Amino acid sequence: MEWGSESAAVRRHRVGGERREGPAAAPPPEREARAQEPLVDGCGGGGGRTRKRSPGGSGGASRGAGTGLSEARAALGLALYLLALRTLVQLSLQQLVLRGAGGHRGEFDALQARDYLEHITSIGPRTTGSPENEILTVHYLLEQIKLIEVQSNSLHKISVDVQRPTGSFSIDFLGGFTSYYDNITNVVVKLEPRDGAQHAVLANCHFDSVANSPGASDDAVSCSVMLEVLHVLSTSSEALHHAVIFLFNGAEENVLQASHGFITQHPWASLIRAFINLEAAGVGGKELVFQTGPENPWLVQAYVSAAKHPFASVVAQEVFQSGIIPSDTDFRIYRDFGNIPGIDLAFIENGYIYHTKYDTADRILTDSIQRAGDNILAVLKHLATSDMLAAASKYRHGNMVFFDVLGLFVIAYPSRIGSIINYMVVMGVVLYLGKKLLQPKHKTGNYKKDFLCGLGITLISWFTSLVTVLIIAVFISLIGQSLSWYNHFYVSVCLYGTATVAKIIFIHTLAKRFYYMINFIYLAKSTKKTMLTLTLVCAITFLLVCSGTFFPYSSNPANPKPKRVFLQHVTRTFHDLEGNAVKRDSGIWINGFDYTGISYITPHIPEINDSIRAHCEENAPLCGFPWYLPVHFLIRKNWYLPAPEVSPKNPAHFRLISKEQTPWDSIKLTFEATGPSHMSFYVRAHKGSTLSQWSLGNGTPVTSKGGDYFVFYSHGLQASAWQFWIEVQVSEEHPEGMVTVAIAAHYLSGEDKRSPQLDALKEKFPDWTFPSAWVCTYDLFVF
């Protein structure tokens, strides 16, 4: 490697000095400066031309390098800094509430809320349409609300309504689809001054759960908190200026159906000026404010002013609303269909057990309930006594930047202030660089070349570190050891983190040998030992990962990290244009909801292997499988294990009621469907045909990713037959027909949910998995 025009004597002097150890080996500053005096004129070492160092020029950087810390001290200082930062964050997360709060009259009582929580979760999984959700939970809520009403202060008036809405809407979520609901349940409570109120703030939770989960955190704990907040506010001797509406909705897991039924149909919806939505993306911990608005900065200011234990992040809002996370909340419904501003809060700790059987009441700390209750009570009371709620439209413009500092307090300021700060920083940098670049060369040395070289080296180091990490990740994936970090967080730090830092240091070390100007970026005189240590840690971790030491999943009862698997025992029937059944099969359709697929399951259940990979039915919408939601574009691999046919006691029925020509030369097809509480309807228009309109949503058909149409249907108890129509515009006749439609019936509760084969297969799964299983049927027709 070339060192430019540096003399051999200087090189020997430098090498000899580096080999000597101890204090005596350190040369005097003047001597070191002379040893490094010749500089290469440029980024590379091959130029062969030197430039004289001026006392006030770039030589100061090289001399500055000699005053750096020893490598050991620099590494120790950095390690201590990172450890202190980690400790502060951990303490912030663990310190949920200030001691001594709660339990007194007029304050939130977490023990009472926990009692509500344990009663709700003891009912079991509460899917929409099941007796557990529609009867048992609703009955318990109404019973507790009645007791609260009896104890309420005479200053307040409580009104209760059980709503059973029916409706339809389209939503731009999971690629876009349409939703239809019939006779689902909302329990609505209005707390208002005795003389009534013209304005209201809404508090929303949902008491339904996904199938096979007790749903303690998502979202029974929020409903329990709301019950206790209702109790505290109703017994308060402080009069409210505005009403507080508590919505206990029974169909949020059905992709936000119940909130849509309330905000578009309930008479109290017109009173609402703002809302607070209580959700979960984990189990317990702190509830994070991760969405606000749209606009209406006064809501953020209300939270900042009132919340006792603030925890908020505008970064979380940006990430969530970007669509990176395939999830959504009732916040979207109130924002898009109600045009109401609000605050979205969610528990975010321990997402490993979210939507699993482990989401139980005992995993939620009482302190988590206390802090959520303190915050919700304080913010609702603030809004219900605020003059700004009645005049919310006057304060609607503007967005806020907000973040908390270790959970102690929240910093919030208008986004325009943030923009001004950003512009000022950019302008300051541009002016500084412009001034340096435009100055005469004899005053700044070769600053332009120095700057460009430094920038180039930094970008190269980032790019090469990214490539290095990707190569490691691809190799680990190819040898079948993916997700080794899932159950061992520090594996990701020791493998990918050390590789990244080591590669960046390596690039800069190489660059230093060519170009001394970058010495100033280091705390230490040398980074050789640090780089070797990082490389060693990365190499050892890499070998351990390749050997299978770090298993991705855990069944530890104290801290489970299960692998999620969906099992659907399905019987499929395919009909031709004449209505004849041309194909019929049955099997257990398997979806593994992470990157590893079934690779870790096959050793335990040999019959589940790649020889039974599911094959796409090219002529059927969504490949001819009973997708519960349109997530086909997220899950590329699934498996189909042959099994006997299923025979539900409540079979689904689907028929064409009428086929008629419209005056505008389209074909109108009217259908009728009956079946279980959850069904999925799929449509594919053939070549030369298009869906022009239908009786669902706003009348305009919405395609999912891939070009097919997906309709999610659900109903509560005692729903009538589902009748709907589609219109097909045919520009070219085809012997294969105009459209292919299919309907899948999902049995998520009751006796029809199970089959002997499904139960037997579930028993074979290892205890570190969470298999969510149900029975379904699939019927396809061509028209």
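Look up: the structure comes first, before these words.
Residues numbered from 1 in each chain as written. Predicted model: local features only at pLDDT ≥ 70, side-chain atom pairs only at ≥ 80, totals over all residues. Heavy atoms only, no water.

1. Describing the overall build of the protein
- Summing up its helical and strand segments, the protein has 19 helices and 24 strands in all.
- By residue count, 51% of the 783 residues in the protein fall in the buried class.
- Expressed as a percentage of contacts within the protein between residues at least 6 apart in sequence, the contacts between residues at least 24 apart total 80%.
- Working note: accessible area of the protein is about 36100 Å², and carbon and sulfur atoms make up 59% of it. (Helix = DSSP H or I, 4+ residues; strand = E, 2+ residues; numbered from the N terminus. Buried < 20%, exposed > 50% of the residue type's maximum accessible area, 1.4 Å probe, protein only. Contact = heavy atoms within 4.5 Å. Areas by Shrake-Rupley, 256 points an atom, 1.4 Å probe, with all protein chains shown as cover.)

2. Examining unusual backbone geometry
- The omega torsion across Asp218 and Asp219 is 10 degrees, close enough to zero to call that bond cis.
- A cis amide bond links Gly293 to the next residue, Pro294, at an omega of 5 degrees.
- Along the polypeptide, Pro294 turns up in the loop between β10 (287-293) and α9 (297-306).
- Despite not being glycine, Cys623 shows a phi value in the positive range, around 65 degrees.
- Within the secondary structure, Cys623 sits in the loop between β15 (581-592) and β16 (639-642).
- Look at Gln718: it is not a glycine, yet its phi comes out positive at around 55 degrees.

3. Examining the state of the cysteines
- One pass over the structure, following the stated rule, counts two disulfides.
- The residue that forms a disulfide with Cys205 is Cys223, at a sulfur-sulfur distance of 2.2 Å. Here Cys205 and Cys223 share a disulfide; its torsion about the S-S bond, 105 degrees, makes the bridge right-handed. With Cys205 in strand β7 (residues 200-206) and Cys223 in helix α7 (residues 216-235), the pair connects residues that are 18 residues apart, well separated along the chain. Of the two residues examined, Cys205 and Cys223, each falls in the buried class.
- The disulfide partner of Cys616 is Cys623, and the S-S distance across this bridge is 2.0 Å. (Disulfide = S-S within 2.5 Å.)

4. Quick look at the packing of aromatic side chains
- Under the definition given, this model contains 40 aromatic pairs.
- Taken together, a centroid distance of 6.0 Å and an interplanar angle of 90 degrees make the contact between Phe177 and Phe710 edge-to-face. With Phe177 in strand β5 (residues 177-182) and Phe710 in strand β21 (residues 709-715), this residue pair connects regions lying 533 residues apart in the sequence. The same class applies to Phe177 as to Phe710, namely buried.
- Their ring planes at 85 degrees and their centres at 5.3 Å tell us that Tyr628 and Phe712 sit as a pair that is edge-to-face. Here Phe712 lies in strand β21 and Tyr628 lies in the loop between β15 and β16, a separation of 84 residues in the sequence. There is no split in this pair, since Tyr628 and Phe712 are both buried. (Phe/Tyr/Trp six-rings, centres within 6.5 Å; stacked < 30°, edge-to-face > 60°.)

5. A short note on a nonpolar patch on the surface
- Where nonpolar side chains cluster on the molecular surface, the patch consists of Leu78, Tyr81, Leu82, Leu85, Leu88, Val89, Phe403, Leu406, Leu408, Phe409 and Ile411 and spans about 1000 Å² of accessible area.
- Put simply, the parts of the chain that give the nonpolar patch at least two residues each are α4 (71-94) and β13 (409-414).
- Considering every element that reaches the nonpolar patch, the biggest residue donor is α4, with six residues.
- Looking at the element boundaries, Phe403 is found in strand β12 (residues 400-405).
- Relative accessible area serves as the criterion here: at 33%, Phe403 is assigned to the partly exposed category. (Patch = residues over 30% accessible without salt bridge, like charges linked within 9 Å, V, L, I, M, F, W, Y side chains within 5 Å. Salt bridge = Lys/Arg side-chain N within 4 Å of Asp/Glu carboxyl O.)

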